[in-house]
Each structure stands twice: as C-alpha cells, then as structure tokens.
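Here's the letter readout for the chains.
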Amino acid sequence: MGQPAANYFPIRSVFIVLSTIFPEILVHHMLGPLYPYMARTLAQSEDQVGAYTGFLASAYHLPTVVMNLAWGGLSDRLGRKPILLAGLLGFSIGCACLGLSTVFWFSFVSLLVAGTFTGNSVVAKGYIGQIAPDESTLAFGYTAYGLTHGVAAIVGSSFGGLLADPIVTKDSPFLQKHPYFLVCMVGASLAIVIALGATLFLKNIPPTWKSGSAGGHEHHGYESVAVKEGDEAVGMASDHETLHGIHKRTMPSDDDDDRIDGDAEKPWRDSSPSPSPGRSVVSQTESAKLEPSALDYDDSEERTHSLSSTNPLLFSLIQYYVPARVRLFYRAHIAPYTTVLTARSIHIILLYSLFAFADSTFNTAMPLLAASPPDKGGLAMTPKSTALAVTCGNVAKLVTKAVFYLLQKHFGTMGCYRLGVSFIMLAALTLALLRAGAGDGSAVWQLVAAAVFAGIGSGISYLSVILALTESVSSEHLGLIHGLAGTTASLVRTVGPIVSGGLWQAGVREHVPGIVFVFCLLVEVGALFATRGFGVGNS
C-alpha cells in the first residue's frame, strides 16, 4: 500500500488522547464558579470568603508548578500513554477526597492531590504535536484540543451549578453535610472509565517518533482524515507498514550509553544536517528528505564537538576531570533545557504567563463579585445563576476555538494573541465600571457580557501561545517545552487567585471592589506591549 499523504490526521488516536484531558477540565470548570460558595461553608466569617476562595483556587494549580514539568519530561522518556493513565487515576483519588471533605485544610489538601495529577493537558499537547505532520494539521489538531477544552468547560460550569444547587441536596443529610460530593464524584468516576478505555485502545508511540519524518506517517491502524481542501482520501496503513524500516531506532541502547561514556568513539554525522527546531511546512518537507540516522541526531553531540574545536583545553579538562556518569547525566537531563530555552521560546512563555496571570485573576474575581452580598459589593447571585453566567463565557470560548483555525490563517499567531488580549481587557473594563453593590438585572447582564468577552479572549490567546510554543522546538522536545510553559503558567495561576482574593477583600474594605478588575486590565496592557518585537512575526 502506498504512503499516505502528509496532511492526514489519525482521528481515532486524537479522540482517545483528548478524552484523557476531559475529566480534569470538567472538574476544574465545575469548581470554578463554586469556590466562593465552598469558601463560605468553610470560613468563619464573610470577611474570610475572599481569602479562602483564593487559596482554594490556588491549591488546584500549586502542584502543577513542579508536576507539569515532571509529567512532560517523563512523557518524553517513557511515552505519552503511561503518563496519561497515571494522571487519570491520581486525579480520581483527589476528587473523591474533596467530595468527602468538610473542613478547609482537608479540602485544600484534596485539591493539592487532584492538582498533582492534572498534567494530562501538557502530555496531550505533546502527543498531538508529535503526530501532526505539518503546520496545517497541527493547527487543526490544536483546534480539536481547544474544542475539547471548550466542551468540557461548558458541561462543567453548567452541571456544577446544578449538582451543587441546594434544591438537589436538601433532601439528603449526607449531601447537606457534603454539598460538593456529587460534583467531585462525577469527575472521579469519569476519570476511571476513561482510564480503562485508554488502557485498551490507546497506542503508546515512541517519544522520538515523528509523523511525516523520512516520508513516513503515523497511522497505527487508525482512520485518518484530510484537513486541506481538495485532498483525496487514502486507505489505512498498518502498524508494521508505518514503522518498519523508518524509525527502528527510537530509544538509546546500552551501546549508546557506552559511547557517551567515552568507551567508544561515536561517529560524527557532519554530512547530514540536523533538523530545524522550527515546525514549519518547509522544514517538515526538508526533514522528510533526510536519512533516518540524521533524524536521530543528538544536539548535545554537536555542542560537544563544537567545544572540542573552539576550546580544546576546556574540552580536555572536562573529559579528564568530570566523571563519565556526570557527563551522561548532563546530556540526558540538563542539555535538553538548553536546547528548548531559546530567546524565541522564552518570549512565548512570557506571553503565556502574562495571559495566564490575568486570566486566573479575572476568573477568581468574577464569581466573587457574583456571590458576594450587596453590602460587600456583590450581586448576591445563587450558585446556579453564577454557573450560568460562567457557562455563557465558556460557550463563547468554545465558538472562538472552533474558528481559531480560520482566525490563525488570517491574522497569524501573534495577531490572534493580540486580538485575544484586547477582548480580555474589554471584559476587565466592563466589570471595573460595574456599579458596586448593584443587584438589578442590568448589572447581572453586564457581568454576563464580561464573561463572554473574557471567554472569547481566553480562547484566542490560549491557542495562540500553544501553537507558537509547538512551532518553537523539534518534536522530541515537545513534552519538555509544554512542561516548562505549563509550569510557568501554573506558577502564575497559583499566585493569581491569591492576589485576586486579596485585592477583592481590600477593595471591599475601601468600598472599591472593582480594583481587582483594574489590576487585570493593567496586566493585559503589559501583555499587549510584550508582543512588540516578537521574532516569529505572524507565522
């Protein structure tokens, strides 16, 4: 059977991978509008609600500061599948504990446990980037990722408010004592079911394998679909036809370790150029012409060879005094970071962090505004009404992600990022101008409008930075770069809710609760200015 065209995407494989991120996104958006109400049941007084809300929201993101990087790196070495399964099982345990909690400290610890195993989004992005053969299908894949995120957000925010509604829990003494048990058990049960399905049907492709390399394409027996107009459908390829003779060497062997240790001289492949760290269509076409051995090229090897030529004395000292195992550890665990942390990727991570900080601050403050009583500057909305307002924003986010593929082709990646930031600024300005303590219908609709603006901006900005990140490194480092970016974003998402809760409490005391939304506006102004001079242009 002939080789499939390079622009075909394994739909079944992507569907299974995207299902593994569904539970963590679902529960996150179930709990988001409910944190102020949960904090009110755990706090001693209304004055503590803002701070408790911030700490609960931060607890979910705190472990990911370290674990996103850990899960991303482990997926690069062990494969994506085992990490995805571990994430589902650990997340289900954290959710179950949260549903049974009745005190603040246990709720906080349960959210820490759940957050520790929310790395599937990082791993899934690496998986999609690995099997996408070119930029067009990559954008298509991340659009599917965004749609999954959007659907889970809509279902989560709407059903979270319904399951936690006092009407549902009033007839059960157990549910009155554990008002968020149903919300948490839905997420835990779904995670276990999806883990079983992924165990049976998800293929664990080698971390160093890349779709489209050396003329090959990843099918694993799955059906694929064209994503460009005018392309004709082709048949399926079996695992053996796809992998045989193309990427036989996917992981280092014991002989490789011996050569790295210096026991044997590793042959240099100066005649074969290393693949470009970019992921453009041109670079993919060029890399397809390379021999398989060239695709396995180790960047650390090139740096060592360069050092031996430019500074032979330093090279000799390192070879003589630094133990072989230390050099091996450096090449295995330190050198990849020096490869991915370029000026380009660092700039993208900065843009991601600014967006994530403003987004987490806004999404913590908006439910506080909706849930707080009028004398505290809020609208005194019920959990169901607050969740409905948040759902409107998630619907807008889903629609935006559905058309991101077209927006990116028209505006470019950085153009989309600027557009998204502008919408978030509009949302923050809308709530900053909201009349404090208003409980009338116009104020509620103003909040809904702000949620819609924020949803549009969040959807565009998020997919823009994810696409830019993936284009900044080669395929074997996708897990690492997304782990690094996710870790940075998790750090600011941990700080954001705490800052938001503190600013809300300070604003209530000073009778200016809108100060937190002014802060969000200023952060996004900084993000807009940070895009100036971006080296990638509008690619």
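Quick look at the structure, then. (Residues numbered from 1 in each chain as written. Predicted model: local features only at pLDDT ≥ 70, side-chain atom pairs only at ≥ 80, totals over all residues. Heavy atoms only, no water.)

A pair can form between side chains of opposite charge whenever their charged atoms are brought close. Applying the stated rule across the entire model yields 2 salt bridges. Note that R80 is salt-bridged to D76, the shortest N-O span being 2.8 Å. Here D359 makes a salt bridge to R493, at a shortest N to O gap of 3.3 Å. Within this pair, whereas D359 is found in helix α20 (residues 343–371), its partner R493 is found in helix α25 (residues 478–509), the two being separated by 134 residues in sequence. Neither residue differs from the other here; D359 and R493 are each classed as buried. (Salt bridge = Lys/Arg side-chain N within 4 Å of Asp/Glu carboxyl O. Helix = DSSP H or I, 4+ residues; strand = E, 2+ residues; numbered from the N terminus. Buried < 20%, exposed > 50% of the residue type's maximum accessible area, 1.4 Å probe, protein only.)

Our focus in this paragraph is the packing of aromatic side chains. The tally for this structure, following the rule as stated, stands at 9 aromatic pairs. Pairing F362 with F517 gives two aromatic rings, centres 5.8 Å apart and planes at 70°, and the pair type is edge-to-face. One end of the pair, F362, is in helix α20; the other, F517, is in helix α26 (residues 515–530), with 155 residues separating them in the sequence. We note that F362, like F517, is buried. In textbook terms, an aromatic cluster arises when at least three aromatic residues are bridged by ring pairs, as seen for Y52, F104 and F108. (Phe/Tyr/Trp six-rings, centres within 6.5 Å; stacked < 30°, edge-to-face > 60°.)

Now for the nonpolar core. As a rule of thumb, soluble globular proteins bury nonpolar side chains together. By size, the foremost hydrophobic cluster in this structure holds 60 residues, and its most contacted members are Y352, Y417 and L469. The biggest single contributor to this core is helix α24 (residues 441–470), with 9 residues. With residues near it in sequence (within four places) discarded, L469 still touches S345, I348, I349, Y352, I481, H482 and A485. L26, L369, A371 and A454 belong to the second largest nonpolar core, which has 57 residues in total. (Core = buried A, V, L, I, M, F, W, Y, C linked by side-chain atoms within 4.5 Å. Contact = heavy atoms within 4.5 Å.)

Direction vectors running N to C along helix α3 (residues 35–42) and helix α4 (residues 49–61) enclose 120°, while the axes themselves pass 8 Å from each other. Between α3 and α4 lies a crossing of right-handed hand. Taken together, the residues of α4 that come into contact with α3 (itself represented by Y35, P36, M38, A39, R40 and L42) are V49, Y52, T53, L56, A57 and Y60. Taken together, the residues of the contact of α3 with α4 sort by class into 10 nonpolar, 1 polar and 1 charged. (Axes fitted to C-alpha atoms, helices over the stretch in contact; angles between N-to-C directions. Left-handed = near helix turned anticlockwise from the far one by under 90°. Nonpolar A, V, L, I, M, F, W, Y, C, P; charged D, E, K, R; others polar.)

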